[in-house]
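# Chains, contacts and geometry: an overview
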Amino acid sequence: MSQEATIRRGVRNARYAAIPNHVFEDARLSMEARWLLSYLLSKPDNWTVVIGDIIKKGNCGRDKARKMIAELVDIGYAEREQQREDGKFGASVLVIFDEPRCATAAENAAEASGVAILPQTDLPATALPAPVSPAPVKSAHSNNSDSANTDYQNLREGGRDAPEDGQEPGDPRKIDAAFWSLVKNWPQFDGMPKEPARRAWLALTADERREAAERFPRWLQLLKAQKKSHTPAPSTYFGEKLWMDVPAQDEAAKPANAMAAPFGKLWSATRFAELLLPPSGIVAPPTKFEQMQIDAGQVSLVDVMAEKRMRAGWPSVNSMQERARSAQGSMCPLALEEAGQGFQAVKRDGDLFAAWVREHKRRGWPFPEARLPEWVYFPAIEGEGDLDLLVAEAVERYRERISDYLANRSKGDDHAA
């Protein structure tokens, strides 16, 4: 450590704030979120801040301001709180803490002192506060002189008559299990505090929880289509009811295809279904070099054309296998999902796996050239005996099982031709 003072401070006066060092060192927060937290903690206890003030002082857009606030909520430095005015629910505010709140401490957040509160223009409360649903209330007051002319809207949500916790009755264990099932693979959520999201989930009604779970996959697809680089945290998704951005989908509007992981059941079912269709790719005639080899007797014309047919006859299968080499999935028809459930996992490099390789060669089908995972799905064999015979029978049983699908595909191809 240097003997010279490398940090030199001015004379202390009333314009200094005492902020814990961990606020600036918490690696879970982005630099922008650390700035916002320290900015709010530097203000007086009765400081009122609006989104417009954050945008102005942070020199950022509204989306960036909301993202910073969401980070503070996720980590536990902030909690949304519904205030009461004359016995009625008032403005939804955000309470800021100088230490992350644990679950038990959060329940007593209303008793904490020395905090800054933020009226929420764009961030509704995560809790359902009332048995009525009043209209939004306009407010334009602020003790922050930099944003005195800024209007903001205090949003209040209504709820139905319910038990003491304001929620519909239900099995707590099932509600909890549904929550963990939904958030366990949430993008960018590993290592983040789970309690804020769980509280937001419990604040929803049973119907809202059902819709939130059902629309979640399509919500992720919507974010991807919009090329969003940040996936909002579960607490934001539940608290702001972001699933409402996804249009409702009835049975008739269900998608016909889904992205399937390579070598999984749906992926393998689709691959075999395509192979059972007649070759549709254009098979080019022998090249001059190949013709020279044929004329010299080095290879037969049948072998050359069989190789070309294998590599070009099923373009959709070749595309699937090429994408699988770089661990990319493919869009597969959900009509084959049920048939794919009957596929069995076959260990790579085993005797049964070798029999499937021979079956592909016998039929002139392309086989994946990349190194395959340890277990790969194929149509299930039945009984015992010669593996080559059992594999051939499994292919024919699968052909029969999806005969309607193959017939419709063939009609579609004929129509297109």
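Described in the following lines is the structure provided in the data block. (Residues numbered from 1 in each chain as written. Predicted model: local features only at pLDDT ≥ 70, side-chain atom pairs only at ≥ 80, totals over all residues. Heavy atoms only, no water.)

### Quick word on the nonpolar core
- Residues Leu 336, Trp 356, Phe 378, Tyr 398 and Ile 402 are the most contacted members of the largest nonpolar core, which totals 35 residues.
- Ranked by residues supplied to this core, first place goes to helix α10 (residues 265-275) with 6 residues.
- What Tyr 398 contacts, discounting residues up to four positions off in sequence, is Ala 269, Thr 270, Phe 272, Ala 273, Leu 276, Leu 336, Ala 339, Phe 343 and Pro 379.
- In this structure, Ala 33, Ile 51, Leu 94 and Ile 96 belong to the second largest nonpolar core, which totals 23 residues. (Core = buried A, V, L, I, M, F, W, Y, C linked by side-chain atoms within 4.5 Å. Buried < 20%, exposed > 50% of the residue type's maximum accessible area, 1.4 Å probe, protein only. Helix = DSSP H or I, 4+ residues; strand = E, 2+ residues; numbered from the N terminus. Contact = heavy atoms within 4.5 Å.)

### Things to note about the packing of aromatic side chains
- Evaluated as defined, the whole model comprises 23 aromatic pairs.
- Taking 6.0 Å as the distance between ring centres and 80° as the angle between the ring planes, the aromatic pair formed by Phe 272 and Phe 378 counts as edge-to-face. On the criterion of sequence distance, the pair formed by Phe 272 in helix α10 and Phe 378 in strand β9 (residues 375-379) is long-range, its members being 106 residues apart.
- Among the residues examined, Phe 272 registers a relative accessible area of 1% and is labelled buried.
- We classify Phe 378 as buried; its relative accessible area is 2%.
- Between Phe 353 and Phe 367, the ring centres sit 5.8 Å apart and the planes meet at 80°, which makes this aromatic pair edge-to-face. Taken as a pair, Phe 353 in helix α15 (residues 351-363) and Phe 367 in the loop between α15 and β9 lie far apart in primary sequence, 14 residues in all.
- Taken together, the aromatic side chains of Phe 179, Trp 180, Trp 186, Trp 201, Phe 216, Trp 219, Tyr 237, Phe 238 and Trp 243 make up a single cluster linked through ring pairs.
- Sitting above the plane of the Phe 272 ring, Arg 271 keeps its charged end 5.5 Å from the centroid. (Phe/Tyr/Trp six-rings, centres within 6.5 Å; stacked < 30°, edge-to-face > 60°. Lys NZ or Arg CZ within 6 Å of the ring centre and 35° of its normal.)

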